[in-house]
Structures are given as structure tokens and as C-alpha cells.
There are 2 protein chains.
Amino acid sequence: MSGRVQHMKSIDGNTAAAHVAYAFSDVAAIYPITPSSSMGEIADTWAAHGMKNLFGQQLQVTEMQSEAGAAGAVHGSLAAGALTTTFTASQGLLLMIPNMYKIAGELLPAVFHVSARALASHALSIFGDHSDVMATRQTGFGLLASASVQEVIDLGMVAHISALKSKVPFIHFFDGFRTSHEISKVDVVPHEAMKDIMPWDAVDSFRKRAMNPEHPHLRGTAQNPDIYFQAKEAANKYYAAVPGIVAEAMKQVSELTGRSYNLFDYVGAPDADHVVVAMGSSCDVIEETINHMNAQGAKVGLVKVRLYRPWSTEHFLAALPQSVKRIAVLDRTKEPGSLGEPLYIDIKSIFHGSDKNVLIIGGRYGLGSKDFTPAMVQSVFDNLKLDAPKNGFTVGIVDDVTNTSLPMPAAIDATPEGTVQCMFWGLGSDGTVGANKNAIKIIGDNTDMYAQGYFAYDSKKSGGITISHLRFGKKPIQSSYLVQTADYVACHNPAYVDKYDLLAGIKKDGIFVLNCPWDLDGLNEHLPALLKRTIAEKGLKFYTIDAVKLAGEVGLGGRINMIMQTVFFKLADVLPVDDAVKYLKDAIKKAYGKKGDKIVQMNNDGVDHALNAAVEIAVPADWASATGSEAKPEMPAWVLDVMRPMILQDGDSLPVSAFGAELDGSYEWTGPDGSFPVATTKYEKRGVAINIPEWVAENCIQCNQ
Amino acid sequence: MSGRVQHMKSIDGNTAAAHVAYAFSDVAAIYPITPSSSMGEIADTWAAHGMKNLFGQQLQVTEMQSEAGAAGAVHGSLAAGALTTTFTASQGLLLMIPNMYKIAGELLPAVFHVSARALASHALSIFGDHSDVMATRQTGFGLLASASVQEVIDLGMVAHISALKSKVPFIHFFDGFRTSHEISKVDVVPHEAMKDIMPWDAVDSFRKRAMNPEHPHLRGTAQNPDIYFQAKEAANKYYAAVPGIVAEAMKQVSELTGRSYNLFDYVGAPDADHVVVAMGSSCDVIEETINHMNAQGAKVGLVKVRLYRPWSTEHFLAALPQSVKRIAVLDRTKEPGSLGEPLYIDIKSIFHGSDKNVLIIGGRYGLGSKDFTPAMVQSVFDNLKLDAPKNGFTVGIVDDVTNTSLPMPAAIDATPEGTVQCMFWGLGSDGTVGANKNAIKIIGDNTDMYAQGYFAYDSKKSGGITISHLRFGKKPIQSSYLVQTADYVACHNPAYVDKYDLLAGIKKDGIFVLNCPWDLDGLNEHLPALLKRTIAEKGLKFYTIDAVKLAGEVGLGGRINMIMQTVFFKLADVLPVDDAVKYLKDAIKKAYGKKGDKIVQMNNDGVDHALNAAVEIAVPADWASATGSEAKPEMPAWVLDVMRPMILQDGDSLPVSAFGAELDGSYEWTGPDGSFPVATTKYEKRGVAINIPEWVAENCIQCNQ
């Protein structure tokens, strides 16, 4: 650990990437695509505010007409001697492929920051996996993977330094949404400190190579069969040098930050027999689970792949413990028709002909941001133990068609002792997400606790459902998955009680806060049997608050966020409540000060009133045996069997067969080609309003509206 | 062999692909790119002439604004229920990648015919290798490789049938230029015969799946993390079925054509210990060389990979002889930073954990159409024999920087007994290439001999050099490389004698015909020492003809093609000369009949006069010891060392170091980033005119022109 003071801040992965890219670049040629867009937006905002890069200038951010244009601009800008970056994902990255071959072929030190995202195939997905970056592994770019927001900063620096020193361009990638949109309290290395590790001589050398009318040279020739092959081999030595250069850059960054990085990092038992190899945010989940498993007597380990291209077998084998007998390689991508996914094939090929007798299997996980949990990690290790482990497996789903899936054990709480895990069920635009981001900031900035926030939305955006997943703890948080075992669950919308399984996975003796206008009779009437049973069986501390009424009283209208946030601080006990109130009011002043004292006062009133407004419910003993009608509504089979679980936030439970209808042209079912039935919106009644309009006969003026 | 009559015709690979694509498709959405363009042009011409596909309609050929648009149109057209094809290569194929994921994801039976071409990286190359198709191997398309013009027809049918039956789209690829532009006498299976193997029920089923307002369904949805993964796995069973479906289609085609095809075809010694695995046109070269080697007592073999994706390990292992000890995998692509090239990695990975102890190495060959010859095949097998064979090798170049290259043995003549090999050195637009195509047609159509023609151009096009490589023989010709050991060399331009090594590789007692106005004194004066020595040492039959004078006399101006073609038929003795004259005159009538009797008569006169115009030169004995000035001209080092060999058609001899200058910004050399010095055109004096203008002082009117 260096003597450098850490600059802890709660930011998301995209902000982290923009922070590094800004420092090391002259130009960013961009085009927005989910989930990468905010990297460009943030960098653009900073430039507009006059932030300086390491060269003392503002980053020039230029938005092109598409990612194809952005890639062309990156190429041209590099050729002209400007250090150039871009931010993209998914199809956007695919559009850059032709220029990527050129950029790599011309040995230009581009760095692309990619929030890795699934590719549209049978269906589009805006969510995360590695299909996009894997589609570029043949272009000649280096591929460097970050597993967390902190790594985005640390390895982001490694990417820029390595590209400059090696002349080989890099994709620095991290998992779309899971890392790009996770808010995490991290050490934001200041630009000033980055100057110490910037390879200034490589910058000079790069500038000298620029196209320049003063001393012109020719690029982009056409080469015929006589010389093309020879010229292509002339770049070999640059690629051969990359692993050493990256290792050196990692050493520099490790010294600067006190956090250690290698091309491949092994964690787990030094004498592990069973080892997983993985890349991206899954590494943190696996490490957390391995720590949990090893604490219970297992001997397992993980190799985190950081530098995927150029690949160094030497470094990989050096990282692997000698004791290894079996390896499971996890790929977050799928290449239909291949022998297996790319990382698996690579690992398998390097062991052929070696004197080590290692069993190697491979599997897929987390496609399209399918959550990857400690239970799934456990399942991967369970499989590895079998006499004949399943190969080419999937984990995280039930594949009842081609039977690739591993069995799914019950949820495990692998978080370190003392981690507080919270879930907030909100309504899109009701302020819940913003309030939770605020809570993370308050806790992160004012305590030495680590904080993590991840926000799951449905595709309805405003008016849809939002589920905030927050964790706080004394140690850096590696739980890169949705909260599975909550200490605190708050439901901000009473309409959700009989729609969603709000309390799935809540811990024994946990806290449940429900915003609703109901007294005990109301609760008895409105709460479904399952919810009642869970509350009773798990001995939950159950609170209600009529936040809508309270918000109305203090003049906040429907905005219940400040009230629910106050209740959280009061009940969750992460901070002393008096401190929390002070921080909340500071935050209110900062956020609303410009809008006038009245707004500030209303919010402050909300906080004050909320402090004592939550009512603890004495849970009736008979809730433990509550029963209710479980009759399924009258709907067509497809709506009932496929669409309804999705609407009820239970789509994860749908097996592969739900999407495997025969392709016979009937289309009353979901086909493996991505086809869906039509005219089904009518079965989706949302019923999410917190106030219900009522027709008052005597006020009617028969306006016909 | 079926009883079907063969329809032998001399066509090139692109025509072969268009012939099949036309039959099986309703729509072709295209955009031209070298070397695929003529597939679309030919199909469009046929459609304009009213040719019918197997459904009794004309193919609808639509040119879009780019390959990206073409791919989108293919996708839309398929969704609307039209069997759709396209023709592309290289960057064009890259632009199709985003749509390819969609087409494969939606299980739409597209077939892309791809004349595989290198990708622009350090430099552009319009020539052939597998970099483009390998960049699509993760998209979910099937990849089927044809090694020759005949296979383009046979496996082209397999691609269309398999796509229809499996619902998985296919790329059917063959080597750009080497196969796409090679003219070969092949069995052109008539459309009528294709009807017998068309899977009509699969066509019906495909039409039923079309988007249709009468019974609508939804496609192209966005899927969230809850279901995307499951839905993606629902296609597994379709991919698992492909190898069986392709094998069945191959069986059908084999029965129809009498030519046997399997997913992997093994040729060579049944008890081979050393085996090469390869794909594309190299397979024919390797097979030819293996036959040659095994005839001399070697025990070597080749596995031809036809179905590369979906990959079937089962079929691969079944094809491989049990005796195999060592395997060399050849890839015609390069992925900088990878562990090795893709086919090599795949093969290596399948042997890990098997009980077979097989040594597997891999190497690159033929990038950017670097010619791949029997000598190189020999070199690959020589390497495989070593105690420690070189891995990650290159073959066909001298890599004196990173020392990847294998030693290059002297040229081998591996062509079967009785093959006549000819080379014609022509001037772009002088009619040489056209005349040679005509010669192939005459011999192909009128004898039972097989014929092959390949035409090498420089990039100057009109006025540049053309080298025609022709072969004729009793057996199908597998020599997919330039003529290495010629029986007959003709030089149509006297200016070439001291520019190019015209007789490199000519056989002992071979024939050399030189178009020039020189008598023996002139020859003594103009021929360089090397040429004289070769003529004398190899005991060549050396003829001259003043074809330019003759052409002028009969009114053909500078067009000497008909004259030189007649001389060829007279001297090469492939056909009885009287027959040849008759066929030539028939061809003249067909080609020029529309232009009037006068043109026909002039050409006929050219033929008649040419018959006896070639003069055999009594080679002076002292030519064997001819010496001459070998002084290098005064030029900058780069021009002398790099540019001059390229101009002299000797660029193949340049080692990797010629392109490996340090990237220090000086740019007086060729850098590994593709950079070249500027202002060098002045050193390239072409001197190719067959008539030299002369200033006649007394005629001068001082017009100042």
C-alpha cells in the first residue's frame, strides 16, 4: 500500500470509466448506446465545465452519426496524433469492427471503454453479457476485463498505459448494468496522481508518428499477395511484448493504489483441487462464495482473467495452483455451433499436450444480465465434484429441453458478517431510486462503511416497478448480484402486496416496512396469505407508514421519497439516527436550496414528521397459518403460463421449454426464434396508482370528458 | 455414381455460386465488393434474361446502399417468407455481422455465398484468406467451405438444402480469387436436376413461418434478464441437428453427382501417422502433394474440413485415421493476440482429455492470397517430422524478425502425369487474358480434357502486367496455385524480357515463345544474360514471332491476342492444330459476327498467318555462359530494397524485416503499421508500350502539343 490518501466516493462504473478515459485522452468520438451512454454524457459534461485532462486541455467530445462513424473518427483522430477513446457496447461495438481491424493493424493506441452487453439475436437485450466483446477478439485489440467499479478505475488506467506503451489498442470492458450502473464506494484516484504513471515518453513517441504534412508518409495502402502476408507478420513482436507491458502497468497501478493486480489473479485455497476460471463481475461473486465455502472446509479457488487478449499461457499457468485437478471455465457468452464458448476452448487447448492431468469443463452463465448468485457458484462447484461433471452446462436457468442446466441450490448468504442488505420496491418516478442513491451517498461519505447500490427496472420506465438493492458493510462489497437475503425490505407502493413476492429471501427477524393507509383490519383484508405467513413465520419486524398522507400534509404531494428514506435511517440503524437526520437535511438544502426555502422546509418537515410516523404492527398469531384463494385467473394458456410470471417479476422461474414451441407457423406460443403471440397487452392490468380517481355524482357537470 | 449425364462447362467459382444461389432463392439483396461482385452481376444478368429459379420465377436481385443494407434486406425478406441469399466478402461481410446475429437468432434459413477475402488491417488487400469468415464464426451461422469450383456447385447445394431443413442460416465460402476467379471445367448440375433434392416440405414450412397480417405474430422483442437466457437456449436442439442434416444433404448431393462428400473428408494413406487439417482451396493442393509424397513412400494424409460450424467432434474423429500420431492444423487467417488461429485451437481443444496421444501444432499460410504450393505442403510435413516441430509457424514467407517461418524447399511438380502447364505474360488490355479464357473454352468444350485458368494481375489494371496460368490434363486439376513448373511460356510483350524473370521454373525442354521484332542479333542485344542462360541450360525450344507487325498487316492494329493464341495451339500441341483452327474460327464468328464480316475476316487472317509465323531460334551455344551487367541502379535504399522487387514481380522474396522498420516517426522505411515512404512513383518507370513514339523533325509544325 502506498502512502497515498484514498479518495473514497460513491460512483457507478460508467462514471469511473469516464474519469479515467478523460484523464488519458485528447479526443472522445462517441455515439450513445445503452448501457454505455452515460460515459460519453459524463465526459461531455466535464468538458463543458472545463475539466482538464492530463495534458492540461479539455477533452474534445464529438458525437457522430453512429458507432460506425465514431469508430472512423477514432481511427482518423489517432492517425492525426490525438489520443482517442470511445464508449460503446453491443451492436455499437459490432459497427466498430471494420475500423478496429484498421486501428489494430496500424498499431494505434486506442482505448475503447465497453460496458459489455448482450447482442440482439432471437430478441434484443439491453442487458449485460460478453457476447459483444467476444465478437471482437479476433480484431487484434487487447481485451482487459474489470470485475467491479474499483477495478474500472484501476484497470482503466492499465488499459491506457498499456496501449500507449505497446502500441496495441485495447478494449477495457466491464459488465453492462451490473458494473456500469452499480453505485459503489470506491477510491477515485485523482487525475493529479495519474500523472505519475503516465508514460510520457510513449506519448511523445505517439505524437511523432502522427500524419504530418511537414514530414509526410503514406498509410492505408493496398498490398497484393506478394507482400501482404510478410507485412502482417511484422507486427508480431508488438503483440508478444504486450503481456509484459500490461504486467508492468499493473505493478505501477498496484503501487499507486495499494491494490494488487496481475494478468491472472488467483484467489482461494492455496491447495485447491477444484478451480473456476472466469472474467468480469462474476469474479467478485465467485470470490465471495469461495471465501464462504472455504470457511466451511472446502478447498476451492478462482482464477480471475484480467488480460484476455493478448493471451499469456505462461502467466495463466503461473497463477494456477499446482494442486488443481479440475477446472470449470465460465463464459458469459454463447456461440451457437461452436465446440464450446471461447474462454473454455482456450483453456482446454492450452492443457492439451501438457503433463498436467486436469479435467476441464465449461459452461454458460448470466446471459442478458441473468443474475449470477452465490448459489449458482455453489452449483458449479457441486457439478465439478461429480464423477462425470456436466460439460457445456448452463447455470442460473432450468433447461428442460436440452438439459444443459445445473441444479439450483437454495439461496446462500455469502456476504461477510455485518453486511446490511436492503431492498426497496418502488414505482418508476416516485423518487425511490433517487432517495436510495442519496442514502448511499450519505452513508458512504460520512462513515467508513462501504456501500453498494443496484437498481432494477422493468421496461415500463415511468410508472413501472423499480427495485433498489442496497448493501452496506465494513468491508469492500463483492456481492455483484441482486439482494438474495435481505435484512430490510421496504415496499413504497401498497398495490404491490398482492402482485409481487415482496419478501422472498428476507432474513429471519428482518425488517419489513410497508407504505399503506391500512390499519390492522386493512392489513388483514389486503395482505395476501403468503405475505402474512412469511411475516409471521420469519418473525419479521413489520412497520407500516401512510407516507402518501404524510407527504400530502407537509405539501410534498405524491413525493414520498424523503419520508421513506427517513424511515429507513430510523429503522435500519446503519447510522445514528440524529446524524442521519442532519445529513438528510444537508442533502435537502443542497438539492433544493436553489428552488427556495419553502421547498426545503417542506422536505425538512417530511423528515421530522417521518421520524415517528412508522407504526410497528403487532403481528397476529394466526397470520402464520393464513390461507387464501390461489385460483388462477381466466386467461389463455400462454398468458397464464408465460406472460403472467414475467409480469409478476417471476420470469426467472420460466424454464427453457416456455420458449421452445414448435416452429409450425401457429405462433400461439413463444418460439425459439423469438416469436411471441400478439394482442396480449389487454391481459396486463397494471393497477399501480397510489390514488384512485372516483366519480362524484353531485359534482358532475356532464362535460363528457 | 448416379446415371446422370454430366454437364461439363468451363466456368469460374463465382459463376458456379451464382448458378446454385439462383436456383434456390427468391431474392438476392446485394452490394458489390471484390472478389464477390460478379456473383451478383451474373445473377442479375440471368434474371434480366428471364432465367427461372426452382420455383419457376425470376430471382429478384436488389442492390442496396451498402452491405449493411443488404444484410438488413436479407433479414426482412426472410422474415416475409422469401428464400434470400447474398454475395459478399471481407469488410462487406463485417458490415453484415449485426444482422447475422438476428438472422441466426430468428432461425431464418439464409445462405450467404462468400468469396473469402482478407480484411484491411495494416493495409487493405482485395485478395483471399479466411479472416472475413472467421470473424463471423460466433454469429450462429453455419460455415461450409468449398475447396474448388466443382465443390462450389456441389456444396453450394448442400448449404441451401441444409439451411432450409435445419432453419440455421449458412455461409457457404470459398477462397477469394483462387476459387472465385479460377476457371475450371466442371460438372454444372442443371437446375432441373436440383429439383429432385430440393426439400419441398421444408420450403412449405418456411413459407408458413412468414410474417403475415392474416395470422400475425410478434418478432424482435426486447427480453429482460428474467427470460433472455432461457429463450437463447431454446435454439440448442436446432444446432444439435445440423451436422446430421448436412451429412444427409451431402449424401443426396453425392448420389446426384457421383462425387462423394462428408462433413470431414480424409484423403491419403489409410495408415498415415502425420496428418494435416485444412479448409478451402489449400485442400486440393495438399491432396495433390500428398498423392505425390505417398507415391514416393510417405504415409501422410489430410482431413478436409467442410462443415466448420456447427462443429461435430464425432464426425471429425471418425474421419481421422486411427494411426495418426501428429497433426498440423493450417489456418488461412491470423488473430493477433490469440493462443493460435481458430481451427488449430478447436482441434487442440478436442484432443484434451482424450486417450489419444497426438501432437498438434498449428500454422498460418496464404494470407492475402499468398500462393500456397506443393513445396509449402512439403515444408509443413517436413516440420511435422522434426523432434520439436515449430508451432505457430508461418509457411510461404521468410520471417526473419520473429522466426515463425518454415524453410521453403525448392518447387515440386506435384501435378499428375500428362498435365500441361502454361504461362502467358501479357499487358493489361492486350487481349491475352481473353484469348486464354477462349483457349480454355475451346479445349474444355471440345475434348475430354480438364482445363484450369487463373489470371494474376498487378494493381495497374489496363497497362499493367497480366500473367495467365493455364493447365490442361486428363484428370480433374487440383493445382490451386500459380504455375510453378511450366511446359509452355509465352511473353506477349518484348519490354518484359529484362524486367521480369519470365522463365523461373520452366521445365527442361519446355517451350518459350517471345513476341518481339528481333532477329538473332536483336535477341543477342536485348535479351538479358539470365534469360539467355536459362534458355540454353534448360534446352528450351525458343520461338519468336513479330505479332505486332502481323496484327498490323491484317488490320488488327495492336490486338495480337488471336495471333498468339494460334501460336499456342500450333506449338503446345494440346489439340490437333487443324481442329484448333476450326474451333478458333468458330469462336471468332461467335464473338465478332455481329460486328460485321470484315472484323471476322481480319481475325481469320490473323489465325491463318500466325500458323506459320513463329520462328524457332537456333540457340547460340554461348548463351549458356552469357554474362551481363548486374549493377543496381542508383536509387534510395528503400526503393532498391523493397519497392523494386515488388515492381519486378519478385515481392514474394521480401522477408518480414522489409516491413519491420522501427516506429520512430522517421518513415523512410516500411513500418509494421503499414506505413510507406512517399514520393516514390518517380522511380517506377513502366516502359511497357509496344510502339514507341518518335519525333520526326521534318514533320514538325511546332504545334506545341
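Look up: the structure comes first, before these words.
Residues numbered from 1 in each chain as written. Chains lettered and ligands numbered in written order. Predicted model: local features only at pLDDT ≥ 70, side-chain atom pairs only at ≥ 80, totals over all residues. Heavy atoms only, no water.

Thoughts on the packing of aromatic side chains
At step 1: For the coordinates displayed, the defined rule picks out 40 aromatic pairs over all chains.
At step 2: Centre to centre, the rings of A:Trp311 and A:Phe316 are 5.6 Å apart; their planes meet at 40°, and the pair counts as tilted. Neither residue differs from the other here; A:Trp311 and A:Phe316 are each classed as buried.
At step 3: Look at B:Phe424 and B:Tyr488: their rings are 5.7 Å apart centre to centre, the planes differ by 45°, and that puts the pair in the tilted class. Taken together, the positions of B:Phe424 in strand S16 (residues 420-427) and B:Tyr488 in strand S19 (residues 488-491) put the pair 64 residues apart, joining distant regions of the chain.
At step 4: Looking at B:Phe424, the relative accessible area reads 2%, which means it is buried.
At step 5: Since its relative accessible area comes to 2%, B:Tyr488 is described here as buried.
At step 6: Grouped by ring-pair contacts, the aromatic residues A:Phe264, A:Tyr308, A:Trp311, A:Phe316 and A:Phe351 constitute a single cluster.
At step 7: Its end group placed over the ring of B:Phe55, B:Arg207 keeps NZ or CZ at 5.0 Å from the ring centre. (Phe/Tyr/Trp six-rings, centres within 6.5 Å; stacked < 30°, edge-to-face > 60°. Buried < 20%, exposed > 50% of the residue type's maximum accessible area, 1.4 Å probe, protein only. Helix = DSSP H or I, 4+ residues; strand = E, 2+ residues; numbered from the N terminus. Lys NZ or Arg CZ within 6 Å of the ring centre and 35° of its normal.)

Examining helix H18 (residues 547-554) of chain A
Residue and element names in this part refer to chain A.
At step 1: Of all the residues in H18, the buried ones are Ala 547, Val 548, Leu 550, Ala 551 and Val 554. Each buried residue of H18 lies within a common arc of 165° when the element is viewed along its axis, so the set occupies one face. In H18, the exposed residues that point more than 90 degrees away from the buried face are Lys 549 and Glu 553.
At step 2: On its buried face, H18 sits against strand S20 (511-515), strand S21 (541-545), helix H19 (561-572) and helix H21 (597-610). (Arc of directions from axis to C-beta. Contact = heavy atoms within 4.5 Å.)

Details of the sheet that holds strand S17 (residues 450-457) of chain B
Residue and element names in this part refer to chain B.
At step 1: An order of S1-S8-S17-S18-S16-S19-S20-S21-S22 is seen for the nine strands of this open sheet, with the pairing classed as mixed. Strands at the two margins of the open sheet, each flanked by one partner only, are strand S1 (8-12) and strand S22 (615-616).
At step 2: In this structure, S19 lies alongside strand S20 (residues 511-515), joined through four bridges in parallel fashion. Its bridge partner lying in S20, Val 489 is registered against Phe 512. (Pairing = 2+ DSSP bridges.)

Note that every value here comes from positions in space, so none of it alone points to a role or purpose.
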